[in-house]
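Now for the letters of each chain:
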Amino acid sequence: MSSTAGLVIPCKAAVAWEAGKPLVMEQVEVAPPQAMEVRIKVKYTSLCHTDVYFWECKGQTPLFPRIFGHEAAGIVESIGEGVTDLKPGDHVLPIFTGECKECRHCKSEESNMCDLLRINTDRGVMLNDGKSRFSIKGKPINHFLGTSTFSEYTVIHVGCLAKINPAAPLDKVCVVSCGISTGLGATLNVAKPKKGSIVAVFGLGAVGLAACEGARIAGASRIIGVDLNPNRFEAAKKFGVTDFVNPKDHQKPVQEVIAEMTDGGVDRAVECTGNINAMISAFECVHDGWGVAVLVGVPHQDAIFMSKPINFLNERTLKGTFFGNYKPRTDIPNVVEMYMKKELELEKFLTHRVKFSEINKAFDLMLKGEGLRCIITMED
Ligand SMILES: NC(=O)c1ccc[n+]([C@@H]2O[C@H](COP(=O)([O-])OP(=O)(O)OC[C@H]3O[C@@H](n4cnc5c(N)ncnc54)[C@H](O)[C@@H]3O)[C@@H](O)[C@H]2O)c1
Ligand SMILES: [Zn+2]
Ligand SMILES: [Zn+2]
């Protein structure tokens, strides 16, 4: 038992008081974990686009003040009633979507969309009592995605924590907790390219480059990177991307350009942009007879996917995935093991590092589109 178990912990947290305004370092009080909850000491966190989207809050439900952060790694400080899978000292990755292990989805081999703990961006409280575990002078502060890792301590449902190998370096594997697993799993678990396949990846941000990493691991013979931003191409070379296509450089639709480059189309395409036109191109650039396209990007809520039915009849398949089809507790420890065995390379995703007190710099970098992942160290 830790000396703080059962007590309120005062600690530092970066609080978003208003949409789009810099986070403010505050002293917050973190209540002890309740039934099926775990309190963790966050060691490292990184910034993902989803944090920035909800912080900017253009169109989403405003829920402020709020503690953002969902890509992180930490150590269990104390556990609530009913928690049997974790104990103080365990190394964990918080995951924004959970695995209760009991619902129909968790029991299905095919799904990772848990009924109880599926991502909920509009909830700012814990499930157990509908209240927050964070407060400042008695005023509650909203949670984000059930993780809120921009705090030295946070309380998380046990179903949203993956227990990982204690030998894994937390300052590197923290990025496995969201973006990297999403792209990697989209390729390895859903697109499933065979060795020697040609794979096209649309969007070369961190998620798309993780999809490229999956293609490299699967033994793809060519990886075609598609992006509107030419600055993305240099970094993508480190990820095994062999060909680059900028749709802006061509008069004809990019799917036609890719079909010409590949004698009829690619074997697999993975879309990681969120742009509806890129989604349609990704589907239409796969080879007839066997091609599979996988959608990962989150489109505008009113976007409509349009393609002629003949494209399906000609034996092309379109799929979508959420968190790379990984089950958080069952599968994510194995993704960490892939890194430990040097099959998965994480270092090339880690482009910047800042202290927790400088967390707003990580936001600036992401807003400027610089780098891939910025690691935020909690201990100043
Ligand atoms: N399905 C899931 O579980 C899941 C999880 C995490 C993120 N996502 C989504 O994945 C997407 C990618 O995330 P990211 O963090 O890598 O984003 P990012 O903004 O870093 O990268 C997206 C890239 O796509 C490029 N792009 C945009 N429109 C394009 C077009 N029409 N054609 C070609 N390239 C285009 C951009 O220039 C950019 O380089 C986002 O939509 C994000 O919301 C989905
Ligand atoms: Zn994320
Ligand atoms: Zn479940």
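The structure displayed is predicted, hence computed values, not measured ones.

Calculation rules
- The residue numbers shown here count from 1 along each chain, following its written sequence.
- Lettering of chains starts at A and numbering of ligands starts at 1, both following the order in which they are written.
- Whole-chain, interface and lining totals are the exception, using all residues; otherwise, since this is a predicted model, local features are given only for residues with pLDDT of at least 70 and side-chain atom pairs are given and counted only at 80 or more.
- As a rule here, side-chain values come from all non-hydrogen atoms in the structure, and water together with hydrogens is ignored.
- Salt bridges are defined as contacts in which a side-chain nitrogen from Lys or Arg sits within 4 Å of a carboxyl oxygen from Asp or Glu.
- The helix and strand labels rest on DSSP assignments: H or I over at least four residues marks a helix, E over at least two residues marks a strand, and numbering proceeds from the N terminus.
- Note on classification: 1.4 Å probe, protein chains only; a residue is buried when its accessible area is under 20% of the maximum for its type, exposed when over 50%, partly exposed between these limits.
- Strands are labelled as partners when DSSP assigns at least two bridges between them.
- In summary, the pairing rule links any two rings of Phe, Tyr or Trp, Trp by its six-membered ring, whose centres are within 6.5 Å, and it sorts them by plane angle into stacked for under 30 degrees, edge-to-face for over 60 and tilted for everything else.
- The rule is short: NZ of Lys or CZ of Arg within 6 Å of the ring centre and within 35 degrees of the ring normal puts a charge over the ring.
- The contact criterion used is simple: two residues touch if any of their non-hydrogen atoms lie within 4.5 Å.
- The rule for a disulfide is simple: a pair of cysteine sulfur atoms within 2.5 Å.
- When the strands point away from the viewer, a crossover counts as right-handed if the route from the first strand across the helix to the second turns clockwise.
- For each residue, the test is whether any non-hydrogen atom lies within 4 Å of the molecule or strand; if one does, the residue is near.
- Pairs of N or O atoms are called polar contacts if they sit within 3.5 Å, as long as, within protein, a hydrogen donor faces a hydrogen acceptor (for residues adjacent in sequence, only side-chain-to-side-chain pairs).
- Residue exposure ignores everything except the shown protein chains as possible cover, and the areas themselves are Shrake-Rupley values with a 1.4 Å probe.
- Under the grouping applied here, Gly and all other residues not named as nonpolar or charged are polar, the nonpolar ones being Ala, Val, Leu, Ile, Met, Phe, Trp, Tyr, Cys and Pro and the charged ones Asp, Glu, Lys and Arg.
- Distances up to 2.8 Å from the metal define which N, O and S atoms are donors, and 3.2 Å serves for Na, K and Ca; water is absent from the atom set, so sites may look incomplete.
- Key to geometry: four donors with every angle between 85 and 135 degrees are tetrahedral; four donors are square planar and six octahedral where opposite donors lie over 155 degrees apart and all remaining angles lie between 65 and 115; all other sites are irregular.

**Digging into the pattern of salt bridges**
Under the criterion given, the structure shown has 20 salt bridges. The closest approach of N and O atoms between Asp243 and Arg222, which form a salt bridge, is 2.9 Å. In this pair, Asp243 is assigned in strand S12 (residues 243-245) and Arg222 in strand S11 (residues 222-226), connecting sequence segments 21 residues apart. The class for Arg222 is partly exposed, based on a relative accessible area of 23%. Salt bridges sharing partners connect three or more residues here, namely Glu213, Arg216, Glu345 and Lys348.

**Let's talk about the pairing of strand S1 (residues 9-15)**
With 5 of its 7 residues buried, S1 lies for the most part within the structure. Sheet topology places S1 next to strand S2 (residues 24-30); 7 bridges connect them, and they run antiparallel. Following the sheet pairing, Lys12 is matched in S2 by Gln27.

**Here's the deal with the packing of aromatic side chains**
Ring pairs (aromatic) are described by centroid distance and by the angle formed between their planes. One pass over the structure, following the stated rule, counts 11 aromatic pairs. Arranged with centres 5.3 Å apart and planes meeting at 80°, the rings of Phe96 and Phe323 form a pair that is edge-to-face. Here Phe323 lies in the loop between strand S15 (317-320) and helix H10 (328-340) and Phe96 lies in the loop between strand S5 (91-94) and helix H2 (104-107), a separation of 227 residues in the sequence. Exposure class is identical for Phe96 and Phe323. Each is buried. Joined through ring pairs, the aromatic side chains of Phe54, Phe64, Phe68 and Phe144 make up one cluster. Between the NZ or CZ atom of Lys348 and the centre of the ring of Phe239, over which it lies, the distance is 4.9 Å.

**Concerning the environment of Ala35**
Mapped onto the elements, Ala35 comes out in the loop between S2 and strand S3 (37-46). Sequence separation between Ala35 and Val173 is 138 residues, and the spatial gap between their C-alpha atoms is 28 Å. Discounting residues that sit within four places of it in the chain, Ala35 has contacts with Glu81 and Asn128.

**Describing the state of the cysteines**
Tallied over the entire structure, the rule returns 0 disulfides. There is no disulfide at Cys57, and the cysteine sulfur nearest it, in Cys48, is 16 Å away. On the basis of relative accessibility, which here comes to 14%, the residue Cys57 falls in the buried class.

**A short note on the pairing of strand S13 (residues 268-271)**
Residues Arg268 and Val270 point to one face of S13 and Ala269 and Glu271 to the other, with burial holding for every one of them. Looking at chain direction, strand S10 (residues 198-202) and S13 are connected through 4 bridges and run parallel. Looking across to S13, one finds that Val199 is bridged to Arg268. Pairing geometry for S13 and strand S14 (residues 292-295), over 4 bridges, is parallel. Within S14, the residue paired with Val270 across the bridge is Val294. Tracing the backbone out of S13, into helix H8 (residues 276-284) and back to the parallel element S14 gives a crossover that is right-handed.

**Details of the site of ligand 1**
As a structural note, the neighbourhood of ligand 1 is formed by 23 residues, with Asp227, Arg232, Val296, Thr321 and Phe323 the closest of them. The contact in question runs from an oxygen atom of ligand 1 to an N or O atom on the backbone of Val207, over 3.1 Å. Burial of ligand 1 by the surrounding chains reaches 86%, relative to a free accessible area of 880 Å². Residues of the shell around ligand 1, tallied by class, amount to 11 nonpolar, 10 polar and 2 charged.

**Quick look at the coordination of the zinc ion (ligand 3)**
Taken together, Cys100 (SG), Cys103 (SG), Cys106 (SG) and Cys114 (SG) make up the protein donors of the zinc ion (ligand 3), found 2.3 to 2.4 Å from the metal. Seen from the zinc ion (ligand 3), its 4 donor atoms lie at angles of 105 to 117°, and the figure they make is tetrahedral. Donor residues for the zinc ion (ligand 3) sit on one chain with the sequence pattern C-x2-C-x2-C-x7-C. Of this pair, Cys100 sits in the loop between S5 and H2 while Cys114 is found in the loop between H2 and strand S6 (134-136), placing the two residues 14 residues apart along the sequence. Look at Cys100 and you get buried, because its relative accessible area is 16%.

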